[in-house]
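Listed below, chain by chain, are the residues.
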Amino acid sequence: MGVKLAYDTWGEGPHTLLALHGFTGSGASFDHLRPLIGRSVRVVTVDLPGHGRTPLPDKTGRDGFLETVDAVVQLARELGGAAESVDLLGYSQGARLALAASVQAPERFGRLIMESGSPGLHRRQERSERREADAKLAGFIRTKGVDAFVERWEALPLFDGLRRLPAPQQDALRERRKACTTEGLAGALECLGLGVQPDYWPSLHRQRLPTLLLTGDQDAKFTNLARRMAAELPVVWRHAFAGSAHAPHLEAPEEYVREVLSFLQTPWYEAPQFEPAILAREAAHS
């Protein structure tokens, strides 16, 4: 049957935005944006496998990643009905899954927003090394437990920007992370990690969805990745938030929501499609 994604819905806007959180998060990771988004958009926040209320996929490794992508596409189909597409936003781990879903079923989605995301690792050796690193980290989680892992995770330079948040916000973020289960986090590393993700770099030039790439300008690695992606994507916008690092949705929420809503509310018109015979007649009269 495949994995079934748990989700919550808030907001009442005319368009649906499907939001995918990062590793150690849950659908509640976007709750602080509710008063800022208001009634502008209907937001559907997902618990990804191994997080919140969603179990791990039946399959492991790359098959588990693809099973999760199938679940995202299926949820979009249920939310959008027979014809309506939904917009897709993902942060970090969620951004990778969002890109994968948009590549697999572009007809199900209207626009794509990737925050601090990656299309994958291009070299086989890089993927192998990353799988080994994720397996070691999964082993650490199973041996030492979630609390020890969270302490180690929060100390990574990647999250320097989060250490500048007010203490109550840092405490709330830590509690959400500690609410994860040992097997949920370890299993998510093994089936949703960068090492098992397919390489989507070759697919970028065929991606026709209007795409917004968001990063923090203090996160040099992912800002550089966004520049490289922007050079490959046909229809793309990019924004780096001044003074933010890996998680602008937490570090600069007001500016983040302004960028997201501006992108979603800007009219987008596809070029009209003409039949070859019509094009031939127009060429003959020109």
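One can find the structure itself at the top, above this paragraph.
Just so it is clear, the model here is predicted, and its values are computed rather than measured.

Criteria and thresholds
- Residues numbered from 1 in each chain as written.
- Predicted model: local features only at pLDDT ≥ 70, side-chain atom pairs only at ≥ 80, totals over all residues.
- Heavy atoms only, no water.
- Helix = DSSP H or I, 4+ residues; strand = E, 2+ residues; numbered from the N terminus.
- Polar contact = N/O pair within 3.5 Å; in protein donor to acceptor, adjacent residues only side chain to side chain.
- Buried < 20%, exposed > 50% of the residue type's maximum accessible area, 1.4 Å probe, protein only.
- Pairing = 2+ DSSP bridges.
- Right-handed = clockwise from strand over helix to strand, strands pointing away.
- Axes fitted to C-alpha atoms, helices over the stretch in contact; angles between N-to-C directions.
- Contact = heavy atoms within 4.5 Å.
- 1 Å grid on protein atoms, 1.4 Å probe; cavity = no way out; pocket = protein on both sides within 12 Å on 5 of 7 lines; lining within 4 Å.
- Points joined across faces, edges and corners; volume = space filled by probe spheres on them.
- Nonpolar A, V, L, I, M, F, W, Y, C, P; charged D, E, K, R; others polar.
- Salt bridge = Lys/Arg side-chain N within 4 Å of Asp/Glu carboxyl O.
- Core = buried A, V, L, I, M, F, W, Y, C linked by side-chain atoms within 4.5 Å.

### Points about the side chain of D199
Phase 1: The topology assignment puts D199 in the loop between α7 (182-192) and β6 (211-216).
Phase 2: Engagement of the side chain of D199 in a polar contact is seen with the side chain of H122, the distance being 2.5 Å.
Phase 3: Reaching out from D199, the side chain makes a polar contact with the backbone nitrogen of W201 at a distance of 3.0 Å.

### A look at the pairing of strand β5 (residues 109-115)
Phase 1: Across the 7 residues that make up β5, a large majority, 7, are buried.
Phase 2: In terms of strand pairing, strand β4 (residues 86-91) meets β5 through 5 bridges, oriented parallel. What sits directly across from V86, in β5, is F109.
Phase 3: Crossover β4 to β5 through helix α3 (residues 93-104) is right-handed.
Phase 4: Where β5 meets β6, 4 bridges bridge the pair, whose relative direction is parallel. The residue of β6 that forms the bridge with L112 is T211.

### A short note on the sheet that holds β5
Sheet strands line up and pair through hydrogen bonds in the backbone, either parallel or antiparallel.
Phase 1: One open sheet holds the 7 strands; their spatial order is β1-β3-β2-β4-β5-β6-β7, and the pairing between them is mixed. Strands with a single pairing partner mark the edges of an open sheet, and in this sheet they are β1 (6-10) and β7 (236-241). Across this sheet, the average inter-strand angle for adjacent strands is 20°, counted without regard to direction.
Phase 2: The strands touched by helix α2 (residues 61-80) are β1, β2 (16-20), β3 (42-47), β4 and β5; relative to β2, the strand with the most contacts, the crossing angle is about 160°.
Phase 3: Where helix α10 (residues 253-265) meets the sheet, it contacts β2, β4, β5, β6 and β7, and its direction lies at approximately 155° from that of β5.

### A word on empty space enclosed by the protein
Rolling a probe over the atoms, with the probe sized like a water molecule, indicates the empty space that remains.
Phase 1: In total, this model carries 2 cavities of 30 Å³ or more according to the counting rule given.
Phase 2: Its boundaries defined by the atoms lining it, the largest cavity holds a volume of some 70 Å³.
Phase 3: W10, L17, A19, F30, L33, I37, V43, L89, Y256, V257, V260 and L261 are the residues that line the largest cavity.
Phase 4: Those elements giving two or more residues to the lining of the largest cavity turn out to be β2 and α10.
Phase 5: Of the residues that constitute the lining of the largest cavity, the class distribution is 12 nonpolar, no polar and no charged.
Phase 6: In this structure, the second largest cavity occupies an estimated 40 Å³ of space.

### Quick word on the pattern of salt bridges
Phase 1: The tally for this structure, following the rule as stated, stands at 12 salt bridges.
Phase 2: Its salt-bridge partner being E12, residue R39 comes within 2.4 Å of it at the nearest N-O pair. Note that R39 is positioned in the loop between α1 (34-37) and β3 and E12 in the loop between β1 and β2, a separation of 27 residues in sequence.
Phase 3: Exposure remark for E12: the relative accessible area of 59% places this residue in the exposed category.
Phase 4: When the shortest N-O distance is used, the salt bridge between R53 and D47 registers 3.0 Å.
Phase 5: Accessibility expressed as a relative area gives 48% for R53, which makes it partly exposed.
Phase 6: Since its relative accessible area comes to 4%, D47 is described here as buried.

### What to know about the nonpolar core
Phase 1: Of all hydrophobic cores here, the largest spans 60 residues; its most connected members are L18, L20, F65, L88, F109 and F149.
Phase 2: If you tally residues by element for this core, the top one is α2, at 8 residues.
Phase 3: Ignoring any residue separated from it by four or fewer positions in sequence, one finds L18 in contact with V44, V46, V72, L75, A76, L79, D87, L88 and L89.

### With respect to the layout of surface pockets
Phase 1: In this structure, the largest pocket encloses a volume near 950 Å³.
Phase 2: Lining the largest pocket we find 45 residues, and of these S92, R130, W153, L158 and F222 sit closest to its centre.
Phase 3: Those elements giving two or more residues to the lining of the largest pocket turn out to be α3, α4 (124-144), α5 (146-154), α6 (167-178), α7, α8 (220-232) and α9 (248-251).
Phase 4: It is α4 that contributes the most residues to the lining of the largest pocket, 5 residues altogether.
Phase 5: Partitioning the lining of the largest pocket into residue classes produces 20 nonpolar, 15 polar and 10 charged.

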